[in-house]
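An overview of the molecular structure
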Amino acid sequence: MQGSLAQRISLPACCHPLLIHTARDCWYTSAALEMMELEDKDLLRKQAALFPLPKGVKFSYGTAGFRTDAALLPSTVFRMGVLAALRSLCTKRATGLMITASHNPVHENGVKLADPSGGMLNVAWEPYSDMLANAPDVENFLQIVEHIVKRENIQSGNAASGEVLLARDTRPSGEALVSAARQGVEAVRGTVAHDMGVLTTPQLHWVVRSFNNGVPASESDYFHQLSDSFRCASIDGDADRLVYFYIPEKHEDGYSGPVCTLHLLDGDKIAAIFGLFIIGQLHILAGSKSSVSDATTAHKAVVPGYGEVKFAVVQTAYANGASTNYIKQVLGLEVATTPTGVKHLHKKAEQYDIGIYFEANGHGTILFNEIFSQWLQDASVQQKEAEHRQAAKRLVAVNEMVNQAVGDALSGILMVEVVLRYQGWSVEQWDSMYKDLPSRQLKVKVKDRAVIITTPDETRVASPSSLQEAIDTEVGKYKGGRAFVRPSGTEDVVRVYAEASSQQSADALAQAVCVLVYHLAGGVGPEP
Ligand SMILES: CC(=O)N[C@H]1[C@@H](OP(=O)(O)O)O[C@H](CO)[C@@H](O)[C@@H]1O
Ligand SMILES: [Mg+2]
């Protein structure tokens with residue numbers, strides 16, 4: 001840029017402010033500018049005098065703000081407080097000021113400004129930052145402020161019309177620097193500062209943007225927005241059970257009973273998506289063209305170099321019938337059934353090369369047997385086709401990620417997220433793999449729950465036989481009905497489970513079976 005400083009500053013106000021940018025090595029000295037109101041100037045002068053420029057230092061706004069040893073920064077931060085206030089008055093919207101030196105040593109600190117949009121300070125204003133930060137004395141500083149006010153046509157007012165949101169990182173120097181920034185903001189008449197405390201830089205930017213958009217803008221609103229944009233996972237008290245859920249946009253199941261807008265993706269659905277992912281990888285390894293929806297060919301995964309991979313999903317009688325159908329018929333997988341309780345499911349799953357087991361209530365994991373694990377490890381390196389090596393690698397990764405000692409909600413979440421990402425699915429798409437049959441689970445108190453003896457798979461009562469006959473008659477009244485009872489292994493009750501084609505029917509069937517248990521197996525207390 002050619003021309004003397006005097007020439008440059010006498011350019012008309014409409015010229016691009018970047019022209020002034022070249023003046024950063026010189027001090028602004030024009031007296032030709034109109035003065036701010038006397039009282040505004042007095043306040044600024046008084047406050048600015050508290051923050052003298054350290055000797056022999058030259059500041060530069062750099063890529064995204066000033067950054068240096070924290071001890072050198074109070075004057076710069078004060079002045080940036082003033083600039084943030086001017087920018088706010090100019091735009092008639094809130095701006096932001098962040099005190100941070102990011103990853104740099106703790107004795108350093110820095111300041112950067114956020115524009116009303118929530119983005120970085122408008123580059124056209126960066127030259128002002130440099131000029132203000134380097135003004136050698138108070139009078140010079142005031143002249144630059146006057147210049148900005150005039151050039152940007154800033155109307156300072158009596159009413160608080162400017163707002164600056166301040167935040168800092170956790171450095172020990174942060175609090176004092178925020179105080180300097182606040183004094184800078186409030187030295188500009190009509191402007192107030194809001195201290196938002198410790199925030200990350202992007203949080204401060206988000207807060208500024210939200211504030212200006214008139215939406216809730218606190219730190220907790222930030223976290224709510226983040227968490228609300230996920231659908232949710234729920235883990236139980238000791239983190240060995242996992243379910244997902246989401247609230248759909250609109251309630252579409254037509255159920256007229258108690259309002260329930262929550263969609264639950266339970267252990268059955270987790271087993272289904274894990275099954276889908278694993279059979280997909282086995283098909284790749286098998287070089288099979290069959291798709292998961294081609295049940296007739298999908299049944300067996302015969303992998304060259306290994307043979308048939310024994311792969312099954314293990315469930316209990318509580319698995320929703322729709323999940324069992326889906327896993328068998330759509331995924332083409334073997335489904336094995338065991339009595340309730342992880343100890344039974346785990347033992348069964350160990351009988352396969354890969355065994356997925358899940359109880360509907362979210363207990364479950366995936367087991368790989370040792371020989372197959374070793375084969376996968378080798379295959380991930382030795383398979384000729386890159387696609388086959390990749391499929392083996394994915395299974396090796398699953399083998400390492402899942403907790404094979406017992407069901408583990410934390411590793412389960414990671415596994416679900418990985419598979420959703422691999423499939424490119426939302427939680428809603430996952431949910432739509434199949435639609436749960438309406439079901440109801442109830443419990444009945446009896447004198448002695450041990451009077452009920454079930455078949456090994458717990459789906460039928462072996463004794464008293466009159467109870468099973470009565471249940472069969474009741475089930476026969478409901479289209480697609482299924483019901484079973486069993487003594488709980490953890491509570492002093494008999495559990496009743498019913499499924500039917502509508503929620504009303506499932507409720508009615510469960511209720512009717514409760515009454516049968518009460519009468520035929522020594523119910524106590526009032527009739528259910
Ligand atoms: C229907 C049901 O949810 N039963 C639960 C419950 O067993 P019961 O035997 O049904 O009380 O607690 C077990 C231990 O937590 C769990 O494994 C099982 O799934
Ligand atoms: Mg638990």
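Looking at an unreviewed UniProt entry, one finds the protein chain named phosphoacetylglucosamine mutase and attributed to Sphagnum troendelagicum. Recorded in UniProt for the protein chain, the comment headed Sequence similarities (unreviewed entry) runs: "Belongs to the phosphohexose mutase family."

Section: the packing of aromatic side chains
Enumeration over the complete set of coordinates arrives at 17 aromatic pairs. Look at phenylalanine 59 and phenylalanine 66: their rings are 6.3 Å apart centre to centre, the planes differ by 90°, and that puts the pair in the edge-to-face class. Taken together, the ring pairs in this structure connect Phe51, Phe78 and Phe141 into an aromatic cluster. Sitting above the plane of the tryptophan 125 ring, arginine 87 keeps its charged end 4.9 Å from the centroid. Here the guanidinium or amino end of lysine 269 rests over the ring plane of tyrosine 434, the centre of that ring lying 4.2 Å away.

Remarks on the sheet that holds strand β14 (residues 364-368)
The strand order β12-β11-β13-β14 describes an open sheet built from four strands, whose pairing is mixed. Strand pairing shows two members of the sheet lacking a second neighbour, β12 (334-337) and β14, which therefore form its edges. Neighbour-to-neighbour, the strand axes of the sheet open up by a mean angle of 20°, direction not taken into account. Bridge analysis of strand β13 (residues 354-358) against β14 gives five bridges, and the strand direction is antiparallel. Of the residues in β14, the one forming a bridge with tyrosine 357 is threonine 365.

A word on the packing of helix α14 (residues 370-382) against helix α15 (residues 386-401)
At a minimum axis separation of 8 Å, α14 and α15 run at an interaxial angle of 140°. Compared by their axis directions, α14 and α15 come out oblique. Note on packing geometry: the crossing formed by α14 with α15 is left-handed. Every residue of α15 that contacts α14 at Ser373, Leu376, Gln377, Ala379, Ser380 and Val381 is listed here: Arg389, Ala392, Lys393, Leu395, Val396, Asn399 and Glu400. Residues that form the contact of α14 with α15 fall into these classes: six nonpolar, four polar and three charged.

Section: the coordination of the magnesium ion (ligand 2)
Here the magnesium ion (ligand 2) is held by Asp236 (OD), Asp238 (OD) and Asp240 (OD), and the distances to it run 2.0 to 2.2 Å. The sequence pattern describing where the donors of the magnesium ion (ligand 2) fall on their chain is D-x1-D-x1-D. Owing to a relative accessible area of 55%, aspartate 238 belongs among the exposed residues under this scheme.

Concerning the UniProt feature "domain: Alpha-D-phosphohexomutase alpha/beta/alpha" (unreviewed entry) in the protein chain
According to UniProt, the "domain: Alpha-D-phosphohexomutase alpha/beta/alpha" (unreviewed entry) feature falls on residues 92-122 and 159-212. Measuring from the first to the last C-alpha atom of residues 92-122 gives 15 Å, for a span that is 0% helix and 39% strand.

Focus on the site of ligand 1
Residues in close proximity to ligand 1 include Tyr318, Thr340, Gly341, Glu359, Asn361, His363, Gln441, Arg486, Ser488, Gly489, Thr490 and Arg495, which together make up its full environment. In the model, an oxygen atom of ligand 1 is placed 3.5 Å from a nitrogen or oxygen of the histidine 363 side chain. At 2.7 Å from an oxygen atom of ligand 1 is found a main-chain nitrogen or oxygen belonging to glycine 489. If ligand 1 stood free it would expose 430 Å²; the protein chains cover 75% of that surface. Residues belonging to the shell around ligand 1 are distributed by class as follows: one nonpolar, eight polar and three charged.

Calculation notes
Residues numbered from 1 in each chain as written. Chains lettered and ligands numbered in written order. Predicted model: local features only at pLDDT ≥ 70, side-chain atom pairs only at ≥ 80, totals over all residues. Heavy atoms only, no water. UniProt positions renumbered as here; feature names shortened; annotations may be inferred. Phe/Tyr/Trp six-rings, centres within 6.5 Å; stacked < 30°, edge-to-face > 60°. Lys NZ or Arg CZ within 6 Å of the ring centre and 35° of its normal. Pairing = 2+ DSSP bridges. Helix = DSSP H or I, 4+ residues; strand = E, 2+ residues; numbered from the N terminus. Axes fitted to C-alpha atoms, helices over the stretch in contact; angles between N-to-C directions. Parallel < 35°, antiparallel > 145°, perpendicular 65-115°, else oblique. Left-handed = near helix turned anticlockwise from the far one by under 90°. Contact = heavy atoms within 4.5 Å. Nonpolar A, V, L, I, M, F, W, Y, C, P; charged D, E, K, R; others polar. Donors = N, O, S within 2.8 Å, 3.2 Å for Na, K, Ca; no water. Buried < 20%, exposed > 50% of the residue type's maximum accessible area, 1.4 Å probe, protein only. Near = heavy atom within 4 Å. Polar contact = N/O pair within 3.5 Å; in protein donor to acceptor, adjacent residues only side chain to side chain. Areas by Shrake-Rupley, 256 points an atom, 1.4 Å probe, with all protein chains shown as cover.

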